[in-house]
Amino acid sequence: MSAPILVLLAHPELRHSRICRRLAQEARARPEVEVRDLYALWPDYVIDVEAEQRAVEAAARLVWLHPVQWYSMPALMKLWLDEVLLPGWAHGRGGRALQGKELWPVLSTGGHARDYRPGGRHGHDFADFLRPYERVAALCGMRWRAPMVLHGAASIDDAALAVHAREFVHRLTAPVPAGPRGD
Ligand SMILES: Cc1cc2nc3c(=O)[nH]c(=O)nc-3n(C[C@H](O)[C@H](O)[C@H](O)COP(=O)(O)O)c2cc1C
């Protein structure tokens, strides 16, 4: 199956997830969205690179949906970048497969928003931890869409999660704007 909106879900323990699992569930209900659960597809960390590249090629919007772990992405998401975003395909000479596509990170954190600031518990604004994501997008000629981040995951109640999920679906299925890419 291929779809214009591709969600790459990367959660190492999805059955224990509350936030990402809920968002993935909502995304799966939409016909124009394909959700690829990387940990279910590649439990042994042996990624079918060609299958992943075909799915990406068919999409206009690429969503990275994952919990923040160690201020970064889960291991299989990182391996996906290492193995799928090859030179000559994603970047470098002749590498134009991702040109003009949109990259939209949708993330959750245990840390509270107030703690992501200079001098705070996590030392930096949250956006600072997303610089590598932004640069991946730029290097591959993708258009960067402002991330959607749910902070303080452990203390969010059901009503707030429902609001978050609704807003996620709204943004997920909004038309992908045409235009020049952002760096
Ligand atoms: C191994 C591990 C590392 C984590 N690292 C961070 C972190 O660096 N910053 C943070 O705010 N939360 C961190 N967390 C908390 C998760 O981000 C949080 O539990 C998750 O986003 C909740 O979403 P879920 O319900 O989909 O699992 C970590 C959790 C685990 C298990």
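Residues numbered from 1 in each chain as written. Predicted model: local features only at pLDDT ≥ 70, side-chain atom pairs only at ≥ 80, totals over all residues. Heavy atoms only, no water.

Asks: Even after reading the chapter, I still don't get the overall build of the protein, so can you show me in this structure?
Replies: Of the regular secondary structure elements, the protein holds seven helices and six strands. In the protein, the order of α-helices and β-strands from amino to carboxyl end is β-α-β-α-α-β-α-β-α-α-β-β-α. A compact globule built from 183 residues would reach a C-alpha radius of gyration of about 16 Å, and the protein, at 16 Å, matches this within 12%. In the protein, which comprises 183 residues, the share counted as buried stands at 48%. For the protein, the computed accessible surface area is about 9,200 Å², with 53% contributed by carbon and sulfur atoms. Taking the 23 positively charged and 21 negatively charged side chains of the protein as two groups, their mean positions are separated by 4 Å. (Helix = DSSP H or I, 4+ residues; strand = E, 2+ residues; numbered from the N terminus. Rg over C-alpha atoms; globule rule 2.2 N^0.38 Å. Buried < 20%, exposed > 50% of the residue type's maximum accessible area, 1.4 Å probe, protein only. Areas by Shrake-Rupley, 256 points an atom, 1.4 Å probe, with all protein chains shown as cover. Lys, Arg positive; Asp, Glu negative; His and termini not counted. Charge placed at Lys NZ, Arg CZ, Asp CG, Glu CD.)

Asks: Please clarify how the pattern of salt bridges should be interpreted in this entry.
Replies: Once the charged atoms of two side chains with opposite charge are near each other, the side chains can pair. A complete count under the given rule lists 13 salt bridges for this structure. Here D128 and R131 are joined by a salt bridge, their closest N and O atoms 3.5 Å apart. With a closest N to O distance of 3.0 Å, E134 and R131 form a salt bridge. With E134 and R131 both in helix α6 (residues 131-139), this residue pair falls three residues apart, about one helical turn. For E134, a relative accessible area of 23% gives the class partly exposed. Shared partners join several salt bridges into a network, and the residues in it are E34, R36 and E52. (Salt bridge = Lys/Arg side-chain N within 4 Å of Asp/Glu carboxyl O.)

Asks: Help me understand the side chain of R36, please; the structure alone is not making it clear to me.
Replies: Following the sequence through the fold, R36 ends up in strand β2 (residues 33-37). A distance of 2.8 Å separates polar atoms of two side chains, one belonging to R36 and the other to E52. With near-sequence residues (within four places) excluded, R36 lies in contact with L6, V7, L8, L9, L41, W42, A51, E52 and A55. (Polar contact = N/O pair within 3.5 Å; in protein donor to acceptor, adjacent residues only side chain to side chain. Contact = heavy atoms within 4.5 Å.)

Asks: Mind showing me how you'd approach helix α1 (residues 19-28) here?
Replies: Within an α-helix, residues lying three or four positions from one another point in the same direction, as the helix has 3.6 residues per turn. Taken as a whole, α1 has its buried residues at I19, C20, L23, A24 and A27. Buried positions in α1, seen along its axis, are confined to an arc of 125 degrees and lie on one side of it. The inward-facing, buried residues of α1 contact β1 (5-9), β2, β3 (61-67), β4 (102-108), β6 (148-150) and α7 (158-173). (Arc of directions from axis to C-beta.)

Asks: Looking at this structure, I do not really get the site of the ligand. What am I missing?
Replies: By nearness alone, 16 residues border the ligand, and H11, S17, V68, S108 and Y116 come closest of all. In the environment of the ligand, an oxygen atom lies 2.8 Å from a nitrogen or oxygen atom belonging to the backbone of R18. Interatomic distance of 2.8 Å between a backbone N/O atom of G111 and an oxygen atom of the ligand. Against a free-state accessible area of 640 Å², the protein chains account for coverage of 70% of the ligand. When grouped by side-chain class, the residues that make up the shell around the ligand number eight nonpolar, seven polar and one charged. (Near = heavy atom within 4 Å. Nonpolar A, V, L, I, M, F, W, Y, C, P; charged D, E, K, R; others polar.)

Asks: Help me out: how do you make sense of the pairing of β1 in this one?
Replies: For a regular strand, side-chain orientation follows a simple rule: the groups alternate between the two sheet faces. Burial of β1 is extensive: five of the five residues sit out of reach of the surface. Side-chain alternation along β1 places I5, V7 and L9 on one buried face and L6 and L8 on a second face that is also buried. When β1 meets β2, the two strands line up parallel, connected through five bridges. For L9, the partnering residue across the bridge sits in β2 and is D37. Since β1 and β2 lie parallel, the crossover through α1 that links them has a hand, and here it is right-handed. Across five bridges, β1 lies against β3 in parallel orientation. Residue pairing for β3: L9 is matched across the bridge by L65. (Pairing = 2+ DSSP bridges. Right-handed = clockwise from strand over helix to strand, strands pointing away.)

Asks: I tried to follow the packing of aromatic side chains on my own but got confused; where do I start?
Replies: Pairs of aromatic rings are described using the distance from one ring centre to the other and the angle between the two planes. Counted according to the given criterion, the structure contains seven aromatic pairs. Judged by centre distance (5.8 Å) and plane angle (20 degrees), the rings of W104 and F168 are stacked. Residue W104 is found in strand β4, and its partner F168 is found in helix α7; the two are separated by 64 residues along the sequence. You can call W104 buried: its relative accessible area is 0%. (Phe/Tyr/Trp six-rings, centres within 6.5 Å; stacked < 30°, edge-to-face > 60°.)

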